[in-house]
Amino acid sequence: MSWDAPELCWQFLIGGDPPGDLPAAWAAATRAVARDLGCRRHGRRISFDNVRWEIAADNGSVCVGFAPPGTTDIGAYRRGNDYRLETTAAQATVWMADDVQYELTGYEFVQWPIAGRHILVPRIVDDQAAWVDPKTDAVIAAIGELCQAPGSESRTVMDERG
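Residues numbered from 1 in each chain as written. Predicted model: local features only at pLDDT ≥ 70, side-chain atom pairs only at ≥ 80, totals over all residues. Heavy atoms only, no water.

A. Examining the pattern of salt bridges more closely. What the rule picks out here adds up to five salt bridges. Here Arg78 ties to Glu54 by a salt bridge, and the two come within 2.9 Å at their closest N and O atoms. With a gap of 24 residues between them, Arg78 in strand S5 (residues 77–84) and Glu54 in strand S3 (residues 52–58) connect regions that are remote in the sequence. By relative accessible area, which is 34% here, Arg78 ends up partly exposed. Assessed through its relative accessible area of 10%, Glu54 is described here as buried. A salt bridge links Arg123 to Asp137; the nearest nitrogen and oxygen atoms lie 2.9 Å apart. Taken together, the residues span a long stretch of sequence, with Arg123 in strand S9 (residues 121–125) and Asp137 in the loop between strand S10 (128–132) and strand S11 (139–142) at a distance of 14 residues. (Salt bridge = Lys/Arg side-chain N within 4 Å of Asp/Glu carboxyl O. Helix = DSSP H or I, 4+ residues; strand = E, 2+ residues; numbered from the N terminus. Buried < 20%, exposed > 50% of the residue type's maximum accessible area, 1.4 Å probe, protein only.)

B. Fine view of helix H2 (residues 89–107). Over its 19 residues, H2 extends 26 Å from the first C-alpha to the last, a length consistent with the 27 Å expected when each residue adds 1.5 Å. Looking one or two places after H2, you find Phe109, whose phi comes out positive at around 60 degrees. (Expected span 1.5 Å × (residues − 1).)

C. Highlighting helix H1 (residues 24–36). The end-to-end C-alpha distance of H1 is 19 Å, a good match for the 18 Å that 13 residues give at a rise of 1.5 Å each. Inspection of H1 places Ala25, Trp26, Ala27, Ala29, Thr30, Ala32, Val33, Ala34 and Asp36 among the buried residues, and these make up the whole buried set.

D. Broad picture of the nonpolar core. If you look at the biggest cluster of nonpolar residues, it comprises 43 residues, and the most contacted ones within it are Trp26, Trp53, Phe66 and Val100. Elements that contribute at least two residues to this core include exactly strand S1 (8–13), H1, S3, strand S4 (61–67), S5, H2 and S10. Other than its neighbours up to four places away in sequence, Phe66 contacts Ile14, Phe48, Val51, Arg52, Trp53, Ile74, Gly75, Ala76, Tyr77, Val100, Glu103 and Leu104. (Core = buried A, V, L, I, M, F, W, Y, C linked by side-chain atoms within 4.5 Å. Contact = heavy atoms within 4.5 Å.)

E. Focus on the packing of aromatic side chains. In the structure shown here, the tally under the stated rule is eight aromatic pairs. Ring plane angle 25 degrees and centroid distance 6.1 Å describe the contact between Trp26 and Trp95, whose orientation is recorded as stacked. Here the residue Trp26 occupies a position in helix H1, and Trp95 occupies one in helix H2, the gap between them amounting to 69 residues. Assigned by exposure class, Trp26 and Trp95 land together as buried. Their ring planes at 90 degrees and their centres at 5.0 Å tell us that Phe66 and Tyr77 sit as a pair that is edge-to-face. Of this pair, Phe66 sits in strand S4 while Tyr77 sits in strand S5; the two residues are eleven residues apart in sequence, bridging distant segments of the chain. Tyr77 shares its class with Phe66; the two are buried. (Phe/Tyr/Trp six-rings, centres within 6.5 Å; stacked < 30°, edge-to-face > 60°.)

What follows is the structure, encoded as structure tokens:
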């Protein structure tokens, strides 16, 4: 298996329509996570304009990432953590949300998504992908519906320094 030349690779704009040949579970995951990227962020200002999802598959394994064209607010990355091409929409959504959260928090200095002082965690609850408060185990919203949840702002919270 080589991630430099995977069997399959899809690239498409974050927030855009996924390609028709992308497995349905992964297409649903990209749609859900993209809807939530616009709210409950804290940190530096970033934009996903012109940034593409990159999903690569080889021998049934999957890696996900961002493929920005040229200079953008965020860097490119590609990561795989035992993700599988054949999976449920809920599992693909939790994997993708967790991966994007790891990238934003660890490398882009953006805490996402937050509720008060807690970074929410993606989990499967009752067979659905959900954002959960790790302190209380309360489900805050289904992944993909975070911006409509009570207490969500459609804009992001920014650090005063930029």
